[in-house]
Amino acid sequence: MRLPTVAIFDLGAELYDWFTSQPLWWGSCARLATDLPRQARVLDLGCGPGVSSLVLARQQPEARIIGVDLAWRMARRARQHVLRAGLDGRVTVVRASAACLPCRDASVDAVVGHSFLYLVPERQQVLAECWRVLRPGGRVAFMEPSAAPARPAAILAQSHDPRFLVSVSLWRPFSALHGRFTPGALTRLLRAAGFEDVSTEPVLGGLGIIGRGRKPGPEGGGERR
Ligand SMILES: C[S@@+](CC[C@H](N)C(=O)[O-])C[C@H]1O[C@@H](n2cnc3c(N)ncnc32)[C@H](O)[C@@H]1O
């Protein structure tokens, strides 16, 4: 039986916040901002305590970020971080399910998720929602756990930061339970949802994989008056 995932994130919000507050995780979040239009309106699905949303906001100073999370303690923590960072004008946090987004059709330029999609049993429904809320030409990017084997020496070569080591030692078993992606599986999932120009790249020394895609339609957007 699948563990009550969102309840676990609710209970573990503080701990999660602690072990993801480290440079390697921030760097991986920043990779999701590649290719975004300057003034993009971006949805960050499963924003957790806000680390991914804050990194995106700093990476793209003219973008507006909407963080979405179903766990209320995660959403509350994300709001606290946004206020503390003085980014409340640009980052909004909403408690909602990614399978039923509180957004109008074709209203955002990009949808990203950092360590999120693998947790969701209803992936097709979530991707259909991404498609609905994206404008034509809009982008998706998801960073997910990789199915490639993790070698301890390669993990330690990246960092000895205890926060990083705790995050990896929890991420690996959690993803073994919920799902990991090969480049082919992530590509097929995004293509099946209708996205084109799909590509993948390894991150976090091969522990993670980013899958990107584009909703068919004209390039551009994200330049607002
Ligand atoms: C592993 S955390 C990732 C947090 C953040 N993006 C990061 O990279 O540190 C995944 C988050 O997804 C949230 N989540 C799981 N299922 C969800 C759903 N259906 N809708 C919205 N959020 C969901 C969980 O509550 C959790 O906070």
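Here, every reference points to the structure presented above.
Computed from a prediction, not measured in an experiment: that's the story for all the values here.

Parameters at a glance
Note that residues are indexed from 1 along each chain, following the sequence as it is written. Where local features are concerned, this predicted model is filtered to residues with pLDDT of at least 70; where side-chain atom pairs are given and counted, the filter is 80 or more; whole-chain, interface and lining totals use all residues. Think of the side-chain values as coming from all heavy atoms in the structure, minus any hydrogens and water. A molecule or strand has a residue near it when one of that residue's heavy atoms lies within 4 Å. Pairs of N or O atoms are called polar contacts if they sit within 3.5 Å, as long as, within protein, a hydrogen donor faces a hydrogen acceptor (for residues adjacent in sequence, only side-chain-to-side-chain pairs). The Shrake-Rupley method, run with a 1.4 Å probe sphere, supplies the accessible areas, and residue values consider only the shown protein chains as cover. Labels follow the DSSP assignment, with helices taken as runs of H or I lasting at least four residues and strands as runs of E lasting at least two, numbered in each case from the N terminus. Type-normalised accessible area, obtained with a 1.4 Å probe on protein chains alone, sets the label of each residue: buried when under 20%, exposed when over 50%, and partly exposed for intermediate values. Contact definition: two residues touch when any of their heavy atoms are within 4.5 Å. The span you would expect from a helix comes to 1.5 Å times its residue count less one. Stacked, tilted and edge-to-face pairs are distinguished by plane angle, under 30 degrees for stacked and over 60 for edge-to-face with tilted covering the rest, among Phe, Tyr and Trp rings (Trp via its six-membered ring) whose centres lie within 6.5 Å. Counted as salt bridges are all cases of a side-chain nitrogen of Lys or Arg within 4 Å of a carboxyl oxygen of Asp or Glu.

Participant: Is there a simple way to explain the site of the ligand in this structure?
Facilitator: Looking at the ligand, there are 20 residues lining it, with Tyr16, Trp25, Gly46, Asp69 and His114 nearest. Within the side chain of Tyr16, one N or O atom sits 2.7 Å away from an oxygen atom of the ligand. Note that a nitrogen atom of the ligand is positioned 2.8 Å from one of the backbone N or O atoms of Gly46. Summarising the interface, the protein chains cover 98% of the accessible area of the ligand, which totals 600 Å² for the free molecule.

Participant: Help me out: how do you make sense of the environment of Ala147 in this one?
Facilitator: Tracing the backbone through its elements, the reader meets Ala147 in the loop between β5 (134–145) and α7 (152–158). The exposure class of Ala147 is partly exposed, given its relative accessible area of 36%. Considering only alpha carbons, one finds Ala147 and Gly113, 34 residues apart in sequence, at a separation of 18 Å. Contact partners of Ala147, with chain neighbours within four places excluded, come to Arg180, Phe181 and Thr182.

Participant: Teacher, can you tell me more about the environment of Tyr16 here?
Facilitator: Tracing the backbone through its elements, the reader meets Tyr16 in helix α2 (residues 13–20). A relative accessible area of 14% places Tyr16 in the buried class. Sequence-wise, Tyr16 and Leu207 are 191 residues apart; in three dimensions their C-alpha atoms are separated by 18 Å. Contacts of Tyr16, omitting those with residues within four sequence positions, involve Phe9, Trp25, Pro49 and Met74.

Participant: It is not clear to me how helix α8 (residues 162–178) should be interpreted in this structure. Could you clarify?
Facilitator: Residues lying three or four places apart along an α-helix face the same way, a consequence of the helix completing one turn every 3.6 residues. Taking 1.5 Å per residue, 17 residues should reach 24 Å; α8 reaches 24 Å between its end C-alpha atoms and fits that length. Looking only at α8, the buried set comprises Phe164, Ser167, Val168, Trp171, Arg172, Phe174, Ser175 and His178.

Participant: Before we go on, may I ask you to explain the packing of aromatic side chains in this structure?
Facilitator: The description of an aromatic ring pair uses the distance of the two centres, along with the angle that the planes make with each other. Under the counting rule described, the total for this entry stands at five aromatic pairs. Relative to Phe174, the ring of Phe9 has its centre 5.7 Å away and its plane inclined at 90°; by these criteria the two rings are edge-to-face. Taken together, the residues Phe9 in helix α1 (residues 5–11) and Phe174 in helix α8 connect sequence positions 165 residues apart. Judged by centre distance (5.5 Å) and plane angle (85°), the rings of Trp25 and Trp171 are edge-to-face. Of this pair, Trp25 sits in helix α3 (residues 23–31) while Trp171 sits in helix α8, and the two are 146 residues apart along the sequence. The class of Trp25 is buried, set by a relative accessible area of 4%. Take Trp171: its relative accessible area is 7%, and that puts it in the buried class.

Participant: I tried to follow the pattern of salt bridges on my own but got confused; where do I start?
Facilitator: Between side chains of opposite charge, a pair can form as their charged atoms come close. In the structure shown here, the tally under the stated rule is eleven salt bridges. Among the ionic pairs, Asp17 bridges to Arg77, the shortest N-O distance being 2.5 Å. One end of the pair, Asp17, is in helix α2; the other, Arg77, is in helix α5 (residues 72–84), and 60 residues separate them in sequence. Residue Arg77 is classed as partly exposed on the basis of its relative accessible area of 22%.

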